[in-house]
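Each chain, written out:
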Amino acid sequence: MNRRSRISRWVLLGYCVYLILPLYWLLTMALRSNADIAGTFELLPSSPTLANFAEILTNPVWYQGFANSLSYVVLNTLISVSVALPAAYVFSRYRFLGDRQLFFWLLTNRMAPPAVFLLPFFQLYSSIGLFDTPLAVALAHCLFTVPLSVWILEGFMSGVPTEIDDMARIDGHSFWFFFTRIFLPINRSAIGVTVFFCFMFSWVELLLARTLTGSEAKPIVVVMTRTVSASGMDWGVLAAAGVFTVLPGILVVWFVRQHLVKGFALGRV
Amino acid sequence: MAQNKVKDNRAWIGVLPVLLIVAFSGVIPLMTVVNYSVQDILDFNTRFFVGLEWYRETLADPRFVDAFLRQIGFSAAVLLVEIPLGIVIARGMPTDGLRASLLLVLLATPLLIPWNVVGTIWQIYARPDIGLLGVALNELGIAFNYTSEPLHAWLTLLAMDIWHWTSLVALLAFAGLTSVPAACYQAAELDGASKWQVFRFVELPRLKGVLVIAVLLRLMDSFMIYTEPFVLTGGGPGNTTTFLSQYLATMAVGQFDLGPAAAFSVIYFLFILLFSWLFYTSVMRNEDES
């Protein structure tokens, strides 16, 4: 039986239009010069230009910002996944003293409002000399990406039967061999989904990234906010930068789209 | 959690790295905040112990109470729109094929846009002079201006949040729907159930788990909202769209009122903790049942 009723299909269609319109507008703005934007209102850019995109790709402030963002996102993802893997494994396989409490405590960090940690983070990272480095932002983002990674990985690993562990032991494999050569390959898609979510939450965050960086490690999202206040409203370049920040997300989601539904089905997001 | 688990306290070795890193990025800062919240800090060498003074002051501060009430109003509005809308969208999704993949990517796209860019997109989109939405509304004869009219600012923020986050609810509900066995639909059809009855008695009970998660995630995340209103309205006009996080950030970084900001943080954190506990117990109960 077809569960898709006519009404819900129309709502879906309407919602897609609602989703696309602001994105379309961002794109047209990015294709127009500032004088053009201020002067006339038009639905289709009549004299499209790539000058705004060229500005982003040639101005070091912009492309450095892009590189800074990518470097802390990658660092964060590496740290989060590598510490979360063993933890998720033991949570899915063993009962131990305080396991449920620990799991809950980890989760509360996912829920903690970043605004609460603003000041102490600034002081903590300044005092150990990490302020204004990508590593500082990567570590700060671990606050929510590590609990999230443990949470997602544990959900997937619990679904892997423990018989596999026993069989590897009977076959005489060492634990290390079992974990790296047998267990991790089985959980490939789980790791994929985890990487996706670490990437996502680190990429979209602004508040901590802004607080922990000065001029050296300034991420692209921060460059965007400062450009607005400094040189008046450079709408065209701002929109072009916006387009560039949307692209990595679309790419990532295209690659993990099948695993994504499974990840959501576990309700572990 | 899994069925036949072995009891072994050596498992702590596996959790240790996570423990260390989260302690570093979570516990130390939190303790610093608690420490600040009971002191009056004039500069970093002159400080007095003031006990619960800041807590009393914060809870009695009309601006805190206002921001809190606005926050509740906003979160409630967000939930009331996004949850039903998300369910309807999920029911309209095709289950396979290229169209399904493209729709999934489109739905997931807003979730992956940096939060300040979401604010920027909506700023460009809703401005009465250059924005598609702003100009269109003004053409229709509505004097729409979100920078001067509090009601318009609220509606724009709400529209933006719906744009940004309804996909999350829709994707969760969609994942929940894919787990409904086809046999259930066939049985319902044989019984001559109406569309509404199918939804109410076949789908909704199986969606309960994911919906609880969707509600709590949206509740908690909308409770922490900061970046999007910061970019779009800056909390204005006046203070009409200043929510908790923004008020806190102004206090802590803008005015450097360490003590009161810390007390504020602790109170804020306790609320979030309460939500987290509700979230955790409901997820775990859900897993124990299944």
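For the structure given in this document, a descriptive report is provided here. (Residues numbered from 1 in each chain as written. Chains lettered and ligands numbered in written order. Predicted model: local features only at pLDDT ≥ 70, side-chain atom pairs only at ≥ 80, totals over all residues. Heavy atoms only, no water.)

## Topic: the overall build of chain B
Thinking step 1. When helices and strands are tallied, chain B shows 12 helices and three strands.
Thinking step 2. Taken along the three principal axes of its C-alpha coordinates, chain B extends 75 × 70 × 30 Å.
Thinking step 3. Relative to its full complement of 290 residues, chain B shows a buried share of 57%.
Thinking step 4. Taking all contacts inside chain B whose residues are at least 6 apart in sequence as the whole, residues at least 24 apart take part in 66%.
Thinking step 5. Carbon and sulfur atoms form 66% of the exposed surface of chain B, whose accessible area is close to 12,500 Å². (Helix = DSSP H or I, 4+ residues; strand = E, 2+ residues; numbered from the N terminus. Buried < 20%, exposed > 50% of the residue type's maximum accessible area, 1.4 Å probe, protein only. Contact = heavy atoms within 4.5 Å. Areas by Shrake-Rupley, 256 points an atom, 1.4 Å probe, with all protein chains shown as cover.)

## Topic: the overall build of chain A
Thinking step 1. Within chain A, the regular secondary structure consists of 13 helices and one strand.
Thinking step 2. Once the C-alpha set of chain A is aligned to its principal axes, its extents read approximately 75 × 65 × 30 Å.
Thinking step 3. For chain A, the proportion of its 269 residues judged to be buried stands at 58%.
Thinking step 4. Long-range contacts, defined here as pairs at least 24 residues apart, represent 75% of the contacts in chain A between residues at least 6 apart.
Thinking step 5. When the accessible area of chain A is evaluated, it comes to approximately 10,700 Å², of which 69% is carbon and sulfur surface.
Thinking step 6. Within chain A, one finds 18 positive and 13 negative side-chain charges whose respective centroids are separated by 10 Å. (Lys, Arg positive; Asp, Glu negative; His and termini not counted. Charge placed at Lys NZ, Arg CZ, Asp CG, Glu CD.)

## Examining the interface of chain A and chain B
In many analyses, interface size is given as the accessible surface area lost on bringing the parts together.
Thinking step 1. Across the contact, 100 residues belong to chain A and 116 residues belong to chain B.
Thinking step 2. Both faces considered, chain A and chain B share a buried interface measuring about 9,900 Å² in area, 76% of it formed by carbon and sulfur atoms.
Thinking step 3. In this assembly, chain A and chain B are joined by zero salt bridges.
Thinking step 4. On the surface where chain A and chain B come into contact, there are 16 residue pairs in polar contact (both at pLDDT 80 or more).
Thinking step 5. The biggest single contributor to the side of chain A that touches chain B is helix α13 (residues 235-265) of chain A, with 16 residues. (Buried area = accessible area lost by both parts, 1.4 Å probe. Salt bridge = Lys/Arg side-chain N within 4 Å of Asp/Glu carboxyl O. Polar contact = N/O pair within 3.5 Å; in protein donor to acceptor, adjacent residues only side chain to side chain.)

## What about empty space enclosed by the protein?
Thinking step 1. The final tally for this structure, using the stated rule, is five cavities of 30 Å³ or more.
Thinking step 2. Each pocket or cavity is described by its volume, and for the largest cavity that value is around 320 Å³.
Thinking step 3. Lining the largest cavity we find 20 residues, and of these R110(A), P114(A), W115(B), D221(B) and M224(B) sit closest to its centre.
Thinking step 4. Looking at the lining of the largest cavity, the elements that each hand over two or more residues are α6 (114-127) of chain A together with α7 (150-178), α9 (195-223) and α10 (227-232) of chain B.
Thinking step 5. Of the residues forming the lining of the largest cavity, the biggest block, three residues, is contributed by α9(B).
Thinking step 6. Looking at the lining of the largest cavity, its residues break down into 11 nonpolar, three polar and six charged.
Thinking step 7. In this model, the second largest cavity occupies a volume close to 70 Å³.
Thinking step 8. Looking at the second largest cavity, it is lined by 13 residues, and the ones nearest its centre are V116(A), L119(A), P120(A), A252(B) and S265(B).
Thinking step 9. Within the residue set of the lining of the second largest cavity, elements represented by two or more residues are α6 of chain A together with α1 (12-37), α11 (244-254) and α12 (258-289) of chain B.
Thinking step 10. For the lining of the second largest cavity, the leading source of residues is α6(A), giving five residues.
Thinking step 11. Here the lining of the second largest cavity is built from residues that sort into 12 nonpolar, one polar and no charged. (1 Å grid on protein atoms, 1.4 Å probe; cavity = no way out; pocket = protein on both sides within 12 Å on 5 of 7 lines; lining within 4 Å. Points joined across faces, edges and corners; volume = space filled by probe spheres on them. Nonpolar A, V, L, I, M, F, W, Y, C, P; charged D, E, K, R; others polar.)

## Some points on the pattern of salt bridges
Residue and element names in this part refer to chain B.
Thinking step 1. As enumerated under the stated definition, the model contains 10 salt bridges over all chains in all.
Thinking step 2. For E82, the salt bridge is made with R218, and the minimal N-O distance between the two is 2.9 Å. In this pair, E82 is assigned in helix α3 (residues 62-92) and R218 in helix α9, connecting sequence segments 136 residues apart. For the pair shown, E82 and R218 are each scored as buried.
Thinking step 3. Its salt-bridge partner being D161, residue R218 comes within 2.7 Å of it at the nearest N-O pair. Taken together, the residues R218 in helix α9 and D161 in helix α7 connect sequence positions 57 residues apart. Exposure class is identical for R218 and D161. Each is buried.
Thinking step 4. Linked by salt bridges that have partners in common, E82, D161 and R218 make up one network.

## Some points on helix α5 (residues 99-111) of chain A
Residue and element names in this part refer to chain A.
Thinking step 1. Taking 1.5 Å of rise per residue, the 13 residues of α5 would be expected to cover 18 Å, and the 19 Å separating its terminal C-alpha atoms lies within 8% of that figure.
Thinking step 2. Within α5, 10 of the 13 residues are buried, which leaves it mostly tucked inside the rest of the structure.
Thinking step 3. All of the buried residues along α5 are D99, L102, F103, F104, L106, L107, T108, N109, R110 and M111. (Expected span 1.5 Å × (residues − 1).)

## Remarks on the nonpolar core
Thinking step 1. Within the largest apolar cluster, 195 residues are counted, with the highest numbers of intra-cluster contacts made by Y125(A), V150(A), F197(A), W122(B), Y268(B) and F279(B).
Thinking step 2. Once residues lying within four places of it in the same chain are set aside, the contact partners of F279(B) are L107(A), M111(A), W151(A), I213(B), L216(B), L217(B) and M220(B). (Core = buried A, V, L, I, M, F, W, Y, C linked by side-chain atoms within 4.5 Å.)

## A look at the packing of α3(B) against α9(B)
All names here are of chain B.
Thinking step 1. Contact pair α3 / α9: the axes reach a minimum separation of 9 Å and the direction vectors enclose 145 degrees. α3 and α9 meet at a crossing whose hand is right-handed. Residues F68, Q71, I72, F74, S75, V78, L79, E82, I83, I87 and R91 of α3 form the contact with α9, whose own contacting residues are K195, F199, E203, L211, A214, V215, R218, L219, S222 and F223.
Thinking step 2. When grouped by side-chain class, the residues that make up the contact of α3 with α9 number 13 nonpolar, three polar and five charged. (Axes fitted to C-alpha atoms, helices over the stretch in contact; angles between N-to-C directions. Left-handed = near helix turned anticlockwise from the far one by under 90°.)

## Let's talk about the environment of W122(B)
Thinking step 1. Within the fold, W122(B) resides in helix α5 (residues 115-126).
Thinking step 2. Sequence-wise, W122(B) and T156(B) are 34 residues apart; in three dimensions their C-alpha atoms are separated by 8.2 Å.
Thinking step 3. Look past the residues within four positions of W122(B) in its chain and what remains in contact with it is Y18(A), P22(A), L133(B), T156(B), A159(B), M160(B), W163(B) and L232(B).

## Regarding the packing of helix α1 (residues 6-30) of chain A against α3(B)
Thinking step 1. Between α1(A) and α3(B), the least distance of the axes is 7 Å, while the angle of their chain directions is 105 degrees. Between α1(A) and α3(B), the angle is such that the two are roughly perpendicular. Between α1(A), through S8(A), R9(A), V11(A), L12(A) and Y15(A), and α3(B), the contact on the second element is made entirely by L85(B), V88(B), I89(B), R91(B) and G92(B).
Thinking step 2. Considered class by class, the residues forming the contact of α1(A) with α3(B) number six nonpolar, two polar and two charged. (Parallel < 35°, antiparallel > 145°, perpendicular 65-115°, else oblique.)

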